[in-house]
Amino acid sequence: MTKDRSVTVQAEPYPFEFIPATCALLLIDLQRDFLEPGGFGEMLGNDVSQLRRVIEPNRKLLAAWRDKALPVMHTREGHRPDLSDLPPAKKIRGGGKTTIGDVGPMGRILVRGEAGHDIIPELYPLASEPVIDKPGKGAFFATDLHAILQNRGITQLIVTGVTTEVCVNTTVREANDRGYDCLVPEDCVGSYFPEFQTMGLKMIKAQGGIFGWVSDSESILAALA
Ligand code: TIU
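In this text, all values refer to a predicted model and were calculated from it rather than measured experimentally.

Asker: Tell me about the site of the ligand, and name the residues and values.
Answerer: Neighbouring the ligand are the residues Asp-29, Phe-34, Phe-40, Leu-44, Glu-77, Lys-137, Val-162, Thr-163, Val-166 and Cys-167. Within the backbone of Val-162, an N or O atom sits 3.1 Å from a nitrogen atom of the ligand. Take Thr-163: an N or O atom from its side chain is 2.9 Å from an oxygen atom of the ligand. Relative to its free-state accessible area of 290 Å², the ligand is covered by the protein chains to the extent of 92%. Looking at side-chain class alone, the shell around the ligand contains 6 nonpolar, 1 polar and 3 charged residues.

Structure (structure tokens):
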């Protein structure tokens, strides 16, 4: 592989062509609060085991990106310890007894610096990989992600992480509106709800790829080899 030459991945609705040097692997919210028991995801009533199947394919994709010194970025959903960036509507949403900012089993829920807010050890960022702390579901809202991508000349994204229909979908839509091509490997994104996993992926690739492309990690690794 030559980093500056285009490679082609089998994808839907049609093959995805990308230049590795300017295509970032963007891992969305692979945080303990979402993937481990006792966190925010479980508090919302979800079965976290549904998400854990994404860890191994993400690990392989991440290893390939690192091996070839291609751009990698991570995001985390969460808020300042004083909760000044937490909209009151988000704080009370769901009507539960314990909400964002309250103390849970892995520290204060979705608060920066707390154990549950951090990225799972299996996919932990290297010091050289930017980590974008985001207060919303989309990775572009109220963050410097767009500036970082532009400064590095990145125009295409492989978007992975959780959850498919919430933070991944929102981020892909935001990226698409800003002119990025997005490819989503279906085995690297997860939902607590099987039907949302299916529909969340269909929405991306429908209508000729209205928001992007869908493929899988094996196809991407094969293209890079
Ligand atoms: N990261 C992300 O998707 N945040 C969520 O709150 N997702 C849910 O599915 N709840």
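Asker: I'd like a description of the nonpolar core, backed by residues and values.
Answerer: Grouped together as the largest cluster of nonpolar side chains are 37 residues, with contacts concentrated most on Leu-35, Trp-65 and Ile-158. Per-element accounting of this core gives the leading share, 5 residues, to helix α3 (residues 55–67). Beyond its immediate stretch of four places on either side in the chain, Leu-35 contacts Asp-29, Leu-30, Val-48, Leu-51, Arg-52, Val-54, Ile-55, Ile-120 and Val-162. Within the second largest apolar cluster, 25 residues are counted, among which are Ile-28, Leu-157, Cys-182 and Phe-211.

Asker: I'd love a proper account of the packing of aromatic side chains, names of residues and values included.
Answerer: Tallying each qualifying case throughout the model produces 7 aromatic pairs. Ring-pair connections join several aromatic residues into one group, and the members of that group are Tyr-14, Phe-16, Phe-18, Trp-65 and Trp-213.

Asker: Account for the pairing of strand β3 (residues 23–28), naming residues and giving values.
Answerer: Burial runs high along β3: 6 of the 6 residues are buried. Here β3 shows a buried face lined by Cys-23, Leu-25 and Leu-27 and a second buried face lined by Ala-24, Leu-26 and Ile-28. Relative to strand β8 (residues 156–162), β3 is paired through 6 bridges, and the arrangement is parallel. Among the inter-strand pairings, Leu-26 is bridged to a residue of β8, identified as Val-159.

Asker: Break down unusual backbone geometry for me, with residues and values.
Answerer: Only a minority of non-glycine residues have a phi that is not negative, and only a minority of peptide bonds are not trans. In this structure, the amide linkage connecting Glu-12 to the following residue, Pro-13, adopts the cis form with an omega of 5°. With respect to the helices, strands and loops of the structure, Pro-13 is situated in the loop between β1 (7–9) and β2 (16–18). With an omega of -10°, the peptide bond between Val-162 and Thr-163 qualifies as cis. Relative to the helices and strands, Thr-163 is located in the loop between β8 and α6 (164–177). Its identity as a non-glycine residue notwithstanding, Leu-110 has a phi of 55°, on the positive side. With respect to the secondary-structure elements, Leu-110 resides in the loop between β6 (107–108) and β7 (131–134). Notably, Ala-142 is not glycine yet its phi reads approximately 60°, a positive angle. By secondary structure assignment, the location of Ala-142 is in the loop between β7 and α5 (145–151). You can call Ala-142 exposed: its relative accessible area is 55%.

Reading the values: the criteria
- Residues numbered from 1 in each chain as written.
- Predicted model: local features only at pLDDT ≥ 70, side-chain atom pairs only at ≥ 80, totals over all residues.
- Heavy atoms only, no water.
- Near = heavy atom within 4 Å.
- Polar contact = N/O pair within 3.5 Å; in protein donor to acceptor, adjacent residues only side chain to side chain.
- Areas by Shrake-Rupley, 256 points an atom, 1.4 Å probe, with all protein chains shown as cover.
- Nonpolar A, V, L, I, M, F, W, Y, C, P; charged D, E, K, R; others polar.
- Core = buried A, V, L, I, M, F, W, Y, C linked by side-chain atoms within 4.5 Å.
- Buried < 20%, exposed > 50% of the residue type's maximum accessible area, 1.4 Å probe, protein only.
- Helix = DSSP H or I, 4+ residues; strand = E, 2+ residues; numbered from the N terminus.
- Contact = heavy atoms within 4.5 Å.
- Phe/Tyr/Trp six-rings, centres within 6.5 Å; stacked < 30°, edge-to-face > 60°.
- Pairing = 2+ DSSP bridges.

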